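Residues per chain are reported as follows:
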Amino acid sequence: LGGFGSKITWGNFIATLFFHYRLGQDVVNRTKMNNENMYYRNNQSVSVLNRWRRQGDITDIPRALYNTGYNWLGSDRFVENASFVRFKSASISYSFRDFARKIRLKDLKLHFMVYNLYTWTRYTGVDPEVPMFSNDPFFIGEDKADTPPPMSYIFSVNVKF
């Protein structure tokens, strides 16, 4: 896991970009496991429409077995690579130094920042950044459909007297 970014200064403008990533992390997609188990009468994912039905069917989803079978147990079918790169933040600020001096201020800046702009991943769950709280080196995280981080905006004015 890691991060990288850049800071670009041009005249009175300052732009900052930051990305962070996690590579090679396997995650158990528990949500997918619950939505494709075909064990109970609860709602199922539309992907179960591609389940095995008759001899010769080629699919990665087993046959439906109501209240029996082992589709509800974990298997490698639900373990996914949750590698991602997230565009974590972008900010732009503009300093009105000359104007600030005219009105007897040291500096006046407008600042705009956006968090969680975009995530690049092939993970099929809601959010590949699942909590990884463990000291066990063989720990595999579980996606329990936690709400992904929202895109948020901050606009600020910085005045130095």
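In this report, the structure presented in the accompanying data block is examined. (Residues numbered from 1 in each chain as written. Predicted model: local features only at pLDDT ≥ 70, side-chain atom pairs only at ≥ 80, totals over all residues. Heavy atoms only, no water.)

## Focus on the environment of Ser45
Thinking step 1. Considering the arrangement of structural elements, one finds Ser45 in the loop between helix 1 (30–35) and strand 4 (79–81).
Thinking step 2. Sequence separation of Ser45 and Thr31 is 14 residues, and the distance between their C-alpha atoms is 9.9 Å.
Thinking step 3. For Ser45, the contacting residues outside a window of four places in its chain are Asn35 and Glu36.
Thinking step 4. At 3.1 Å, the side chain of Ser45 and the side chain of Ser47 are in polar contact. (Helix = DSSP H or I, 4+ residues; strand = E, 2+ residues; numbered from the N terminus. Contact = heavy atoms within 4.5 Å. Polar contact = N/O pair within 3.5 Å; in protein donor to acceptor, adjacent residues only side chain to side chain.)

## What about the sheet that holds strand 2 (residues 13–22)?
Thinking step 1. Across the sheet, 5 strands lie side by side as 1-2-5-6-8; this open sheet has antiparallel pairing. Because the sheet does not close on itself, it has two edges, and the strands there are strand 1 (2–10) and strand 8 (152–160). Neighbour-to-neighbour, the strand axes of the sheet open up by a mean angle of 15°, direction not taken into account.
Thinking step 2. Direction of pairing for strand 5 (residues 84–95) relative to strand 6 (residues 107–121): antiparallel, over a ladder of 11 bridges. The residue bridging Ser95 from the neighbouring strand is Lys109, located in strand 6. (Pairing = 2+ DSSP bridges. Axes fitted to C-alpha atoms, helices over the stretch in contact; angles between N-to-C directions.)

## Quick notes on the sheet that holds strand 4
Thinking step 1. Spatially, 3 strands are ordered 4-3-7 in an open sheet, and the strand pairing comes out mixed. Here the strands that pair on one side only, and so sit at the sheet edges, are strand 4 and strand 7 (141–143). Strand-to-strand twist in this sheet, taken as the mean axis angle between neighbours without regard to direction, amounts to 40°.
Thinking step 2. Bridge analysis of strand 3 (residues 26–29) against strand 4 gives 3 bridges, and the strand direction is antiparallel. Bridged to Val27 within strand 4 is Glu80.

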